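# Descriptive analysis of the structure
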Amino acid sequence: MSTQAAVIASVEVPTTPARAFELWTTGINQWWKKGTPYWNDKIRARGLRFEPGVGGRFLEVYDETAGEGLEIGRISVWEPRNRLVYTWREAGWTPQEVTQVEVRFEPTPGGTRVTVTHSGWETVREGQKRCEGYGRGHNELRGWYREAATAGI
């Protein structure tokens, strides 16, 4: 597999870059649908959470009171209105199997273009196959995100 394999997807939303960033991070539970294949533990999962700032965790939350759950990744870039970068891994992956998600928020005449680049598939078993599957998944997630942004959530 090429070390350049990546999923790249963009969507334009009718809102400001600041609001688009906020919806992606603190508003993630308003658009990332529960009970779909995009959860590590569909039964225990109560939601998702980004801990703001570099070094913050991206969690699939299982205990709402304690706020704990599966650490999906860590934030390496937190630039509200501009850019977010975090690592990504599934529950069954080895510690060496880690990918990276970069989300850019660029102003456009109609709102904001949100571009997601999910890379690092060369570290993952069956990386090319998983990359292709994640590509299909990103399309669905992008639609949910657009719906929420358009509805003004």
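Reference entry: report on the structure contained in this document. Note that the structure is predicted; figures quoted are calculated from it, not measured.

Rules used in this analysis
Here the residue numbers are simple positions, counted from 1 along each chain's written sequence. Reporting in this predicted model follows two pLDDT cut-offs: at least 70 for local features of residues, and 80 or more for side-chain atom pairs to be given and counted; totals over whole chains, interfaces and linings ignore these cut-offs and use all residues. To get the side-chain values, all heavy atoms of the structure are used, and hydrogens and water are removed first. When two rings of Phe, Tyr or Trp (its six-membered ring) have centres within 6.5 Å they constitute a pair, described as stacked for plane angles under 30 degrees, edge-to-face for angles over 60, and tilted for the intermediate range. Segments assigned H or I by DSSP are reported as helices when at least four residues long, segments assigned E as strands when at least two residues long, and all are numbered from the N terminus. We call a residue buried when its accessible area falls under 20% of the maximum for its residue type, exposed when it is over 50%, and partly exposed in between, using a 1.4 Å probe and counting protein chains only. Look at NZ for Lys and CZ for Arg. If either is within 6 Å of the ring centre and within 35 degrees of the ring normal, a charge sits over the ring. Being paired, for any two strands, means DSSP has found at least two bridges between them. Between N-to-C directions, angles cover 0 to 180 degrees, with each direction set by a line fitted to C-alpha atoms, over the stretch in contact for helices. Any two residues whose heavy atoms approach within 4.5 Å are treated as being in contact. One fewer than the residue count of a helix, multiplied by 1.5 Å, yields its expected span. Only four residue types enter the tally: Lys and Arg on the positive side, Asp and Glu on the negative side, with His and both chain ends excluded. Put simply, a salt bridge is a Lys or Arg side-chain nitrogen that is within 4 Å of an Asp or Glu carboxyl oxygen. Counted as a polar contact is a pair of N or O atoms within 3.5 Å, where, for protein atoms, one must be capable of donating a hydrogen and the other of accepting one, and residues adjacent in sequence contribute only when both atoms are in side chains.

### Some remarks on the packing of aromatic side chains
Enumeration over the complete set of coordinates arrives at 15 aromatic pairs. Taken together, a centroid distance of 5.1 Å and an interplanar angle of 85 degrees make the contact between Phe21 and Trp78 edge-to-face. One end of the pair, Phe21, is in helix H1 (residues 17–24); the other, Trp78, is in strand E4 (residues 68–79), and 57 residues separate them in sequence. Residue classification places Phe21 among the buried residues on the basis of a relative accessible area of 4%. Plain terms: the ring middles of Tyr38 and Trp144 are 5.8 Å apart, the flat faces sit at 65 degrees to each other, and that makes the pair edge-to-face. Of this pair, Tyr38 sits in the loop between helix H2 (28–31) and strand E2 (47–50) while Trp144 sits in helix H3 (residues 127–151); the two residues are 106 residues apart in sequence, bridging distant segments of the chain. Judged by relative accessible area, which is 23%, Tyr38 ranks as partly exposed. Under the relative-accessibility criterion, Trp144 is labelled buried at 8%. Taken together, Trp24, Trp31, Trp32, Phe50, Phe58, Tyr86, Trp88, Trp93, Trp121, Tyr134 and Tyr145 form an aromatic cluster joined through their ring pairs. The positively charged end of Arg44 is found above the aromatic ring belonging to Tyr62, 4.1 Å away from the centroid.

### Points about the sheet that holds strand E6 (residues 99–108)
Here we have 7 strands laid out as an open sheet, ordered E1-E7-E6-E5-E4-E3-E2, and antiparallel in their pairing. Here the strands that pair on one side only, and so sit at the sheet edges, are strand E1 (6–13) and E2. Strand after strand, the sheet turns through a mean of 25 degrees between neighbouring axes, direction not considered. As paired elements, strand E3 (residues 57–63) and E4 share 6 bridges and run antiparallel to each other. Looking across to E4, one finds that Asp63 is bridged to Glu68. Contacts from H1 reach E1, E2, E4, strand E5 (83–88), E6 and strand E7 (111–119) within the one sheet, and its direction differs from that of E6 by about 150 degrees. Its contacts with the sheet put H3 on E1, E5, E6 and E7, and the angle it makes with E1 is roughly 15 degrees.

### Observations regarding H3
In this model H3 runs 35 Å from its N-terminal to its C-terminal C-alpha over 25 residues, within 8% of the 36 Å that 1.5 Å per residue would give. Residues of H3 that are buried: Gly127, Cys131, Tyr134, Gly135, Gly137, His138, Leu141, Gly143, Trp144, Tyr145, Ala148 and Ala149. On its buried face, H3 is in contact with E1, H1, H2, E5, E6 and E7. Following H3 by one or two positions, Gly152 adopts a phi angle in the positive range, close to 80 degrees.

### Observations regarding the side chain of Glu60
Structurally, Glu60 can be placed in strand E3. Within the buried set, Glu60 has no salt-bridge partner at all; the shortest N-O distance to an opposite charge, 6.8 Å, is to Arg44. A polar side-chain atom of Glu60 sits 2.9 Å from the main-chain amide nitrogen of Asp41. A polar contact is formed between the side chain of Glu60 and the side chain of Tyr62, at a distance of 2.7 Å. Ignoring anything within four residues of it in the chain, the contact list for Glu60 reads Trp39, Asn40, Asp41, Ala45, Gly47, Leu48, Gly69, Leu70 and Ile72.

### A closer look at the pattern of salt bridges
As enumerated under the stated definition, the model contains 10 salt bridges in all. Across the pair Arg83 and Glu102 runs a salt bridge, and its minimum N-O distance is 2.6 Å. With Arg83 in strand E5 and Glu102 in strand E6, this residue pair connects regions lying 19 residues apart in the sequence. The salt bridge partner of Arg125 is Glu97, with a shortest N-O separation of 2.9 Å. A residue pair is termed long-range when its members are at least 10 positions apart, and Arg125 in the loop between E7 and H3 and Glu97 in the loop between E5 and E6 qualify at 28 residues.

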